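# Analysis of the macromolecular model
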Amino acid sequence: MSVMQNNSEKAKWYLPGVLGGLWITGKHLVGNLLNRKKMMTLNYPEEKYDYSPRFKGNHVLTVKKDGSLRCTACMLCATNCPAECIKIVAAEHNDPTVEKFPIAYEIDILRCVFCGYCEEACPVDAIRLGPEWQTPAVNGGNFIYDINHLAYRPNLKGGIQTHVDDEERHKQGI
Amino acid sequence: MPKITINGKEVEVKEGTSIIEAMQQSGDRIAHYCWHPGLSVAGVCRLCMVEIEGNPRVQIACNTMATEGMKINNTSEKVRDAVKWGLDFHLINHPLDCPICDQAGECGLQDQYMEYGKYDPEMAEPKQKKHKVVDLGPTVVLDSERCILCSRCVRFTEEVSKTNELGLFNRGDRTEIGTHDGMPLNNKYSLNTVDICPVGALTSKDFRFRQRVWYLKDSETVCNGCSTGCNVKVYYNREGFFRVKPVYNEKVNGHWMCDEGREIYKFVNKDHRLLKAQVRNNTGWTEMHAGAAAKAASEVVKSTAADSLALVLTAQYTVEEFDAIVGTFVNEFKSKKVYFWINNKESFDEFDGLLLRGDKNPNTKGLLKVLEKHGISATWNELSQGLAAGSIKTVVVAGPENQAVFPDFADRVKELSKAQNLIWLQAGKNEALSALTGNVSLIPMKTFVEKDGTFINHAGLEQKFKKATVVVSEALTLTEAALLLAGKNLAINASPANEFMPMNQRIDQVEVEARKKNEFVFKRGSL
């Protein structure tokens with residue numbers, strides 16, 4: 001490590017700098033005491049900050065109207081994922097109009113870098129990065145999110161539907 | 001021998017060669033779907049357009065013969081335009097469901113689109129809806145919408161398998177591939193239709209949706225399903241082996257392989273394999289490292305007199321391995337009691353006229369050659385008598401990899417278990433073996449995709465193949481087992497860090513020294 005030494009005359013005048021700093025501290029102290037609503041800090045976890053709706057938090061698998069997964073198990077998200085944290089097992093569906101669907105969809109959330117590439121790669125809007133961001137767990141908690149968690153966790157209230165409607169899409173011949 | 005010019009290059013081809021074949025020879029790329037070198041010419045896809053000097057219009061290359069002095073061009077703007085609009089017609093009714101299509105990643109239509117297409121479609125009409133997920137037979141599923149009607153599969157069943165199950169039905173844009181009622185696509189070569197389908201219309205039930213092809217690596221090897229010895233490619237990744245496809249070899253299999261051979265990837269996978277050596281004595285089974293078990297077995301073998309020691313071989317190993325183990329027995333243990341375990345003698349000479357042979361061992365000729373070389377003429381009857389009389393005390397068995405073709409497996413195990421000590425070298429798990437009582441060592445072996453070697457096929461053709469990857473890392477080859485049984489030590493080559501990487505790949509071109517030079521070196525400046 002190198003130490004920078006400034007031996008100029010000007011460097012001896014440290015008092016104005018110290019007093020300037022104290023002045024800023026005092027100004028904020030008095031300001032915060034007089035109107036506490038404008039305070040910059042939060043009393044986390046009682047108070048939480050609202051991020052922009054575009055915030056990329058924990059993943060959500062969207063569902064169709066009947067509540068089944070939209071995901072077609074095309075594995076484009078898994079292919080595009082730079083952290084290689086998505087694992088999908090595809091299977092044939094009983095319904096011939098569906099053809100392919102995931103029987104397992106797992107995200108290793110500890111490896112995930114929340115880049116949003118999966119969202120971008122998805123051709124059917126089946127995976128999104130949602131607004132949730134605080135999902136701690138104690139040591140031994142399950143950080144491999146499965147279908148059950150990604151699509152049907154309690155705070156999604158039965159699953160999130162997407163604005164893309166399959167039937168309308170088929171009617172238009174897409 | 002006509003001399004022709006292709007894209008400015010002069011090529012000399014045989015009389016009667018079509019232009020597309022000539023282009024394959026010269027290495028020029030040409031768009032095509034319906035043409036396949038192993039099938040007749042149909043000329044229905046109209047994509048292999050070429051411009052011939054002196055002809056005002058572009059022509060298809062697959063049905064035009066090369067003649068002396070022909071000047072052919074397939075890179076001109078005119079050709080590209082013709083292919084582009086030909087492609088537009090193909091894509092009229094083709095659904096763009098690449099994400100769920102199993103062929104994505106190795107689809108001809110995707111490739112051609114990336115090379116010639118990339119246009120905005122000018123069709124306002126909705127796409128023609130056809131049948132999805134049609135069950136053609138026990139092995140193949142058809143998606144009519146994806147079919148571009150190249151008729152390769154139809155021609156395959158007409159010309160190669162000669163079973164005529166498939167046909168083109170209806171007319172115009174309602175045309176579909178299909179089978180007649182009560183005549184499913186059910187022949188021994190049906191999965192070749194999946195291989196030659198240029199789009200994802202025909203998919204194999206076995207491989208369907210199990211892996212995306214871009215996650216798979218491939219490696220060429222020789223099929224060990226029967227004595228034909230077809231050249232094949234195995235596809236695998238770190239989760240195991242997933243499929244087998246044929247590789248063209250004019251002398252052996254042409255372009256095709258049988259459905260039975262496509263099953264060979266299964267017994268290679270970890271869940272069918274013996275992962276650890278199992279050694280049994282009076283107290284019960286204990287697990288051991290394969291090498292340690294072989295070392296322990298060498299004590300047993302050495303303490304047995306030469307005339308009460310026997311070796312049983314199945315014809316599923318490589319020539320080199322046979323040579324090593326028979327050599328060890330003859331030279332080290334001075335025993336010539338080496339027996340050839342023949343699985344189904346009656347059907348050995350069967351042949352279905354195309355590829356499938358009754359001899360389900362890849363290397364019968366190789367084993368016989370090695371036995372002859374060491375002057376061994378023992379017959380199975382001698383072994384049976386020896387076991388019954390108790391004169392044979394220790395038996396070393398090199399069991400089959402592909403157990404499915406040994407219907408008498410359990411009986412033979414029973415017969416051999418009469419020996420005091422049984423040392424069984426085997427790749428796959430088996431119930432009959434783990435039910436044995438007495439002194440038994442089960443030592444895991446490597447399968448044909450995990451080792452280099454040579455198979456000699458029914459015609460006496462020697463085919464060398466390379467190791468693809470490692471599935472069970474501690475399993476031994478028969479050569480290694482022979483060394484250990486003789487009490488010698490193994491020289492182990494340190495394997496690369498990632499054992500799932502393909503072994504036949506070129507090592508990193510950038511050498512470490514060169515890499516150091518290019519590395520960014522941060523030098524702290526003085527302050």
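Criteria and cut-off values
- Residues numbered from 1 in each chain as written.
- Chains lettered and ligands numbered in written order.
- Predicted model: local features only at pLDDT ≥ 70, side-chain atom pairs only at ≥ 80, totals over all residues.
- Heavy atoms only, no water.
- Helix = DSSP H or I, 4+ residues; strand = E, 2+ residues; numbered from the N terminus.
- Buried < 20%, exposed > 50% of the residue type's maximum accessible area, 1.4 Å probe, protein only.
- Contact = heavy atoms within 4.5 Å.
- Salt bridge = Lys/Arg side-chain N within 4 Å of Asp/Glu carboxyl O.
- UniProt positions renumbered as here; feature names shortened; annotations may be inferred.
- Buried area = accessible area lost by both parts, 1.4 Å probe.

Turning our eyes to something else, we now look at the overall build of chain B. Broken down by element type, chain B carries 13 helices and 22 strands. Along the longest, intermediate and shortest principal axes, the C-alpha atoms of chain B span 90 × 85 × 50 Å. Expressed as a percentage of the 527 residues in chain B, the buried residues total 54%. Long-range contacts, defined as pairs at least 24 residues apart, comprise 66% of the intrachain contacts of chain B with a sequence gap of at least 6.

Further remarks concern the pattern of salt bridges. Going through the model one piece at a time under the given rule, you end up with 30 salt bridges over all chains. In this structure, Glu 92 of chain A engages Arg 208 of chain B in a salt bridge whose closest nitrogen and oxygen atoms are separated by 3.1 Å. Highlighted residues: Glu 92 of chain A in strand β2 (residues 86–92) and Arg 208 of chain B in the loop between β10 (202–204) and β11 (217–222), drawn from two different chains. Look at Glu 92 of chain A and you get partly exposed, because its relative accessible area is 39%. Taking relative accessible area as the criterion, Arg 208 of chain B reaches 7% and is therefore assigned buried. Taking the shortest distance from any N to any O, the salt bridge between Lys 132 of chain B and Glu 145 of chain B comes out at 3.3 Å. Placement of Lys 132 of chain B in the loop between α3 (108–116) and β6 (134–135) and of Glu 145 of chain B in the loop between β7 (140–142) and α4 (152–159) is noted, with a sequence separation of 13 residues between them. By sharing partners, the salt bridges in this structure join Glu 99 of chain A together with Asp 97, Lys 132, Asp 143, Glu 145 and Arg 146 of chain B into a single network.

Per the UniProt entry, the sites bearing "domain: 4Fe-4S His(Cys)3-ligated-type" (unreviewed entry) are residues 78–117 of chain B in this numbering. Secondary structure content for residues 78–117 of chain B is 55% helix and 0% strand, while the C-alpha to C-alpha distance between its ends is 14 Å.

Next up on the list: the interface of chain B and chain A. At the junction of the two partners, chain B supplies 13 residues and chain A supplies 16 residues. Here chain B meets chain A over a buried area of about 1500 Å², counting both sides, of which 60% is carbon and sulfur. One can count 2 salt bridges joining chain B with chain A. Put simply, Glu 99 of chain A and Arg 146 of chain B hold a salt bridge, and the shortest N to O gap is 3.1 Å.

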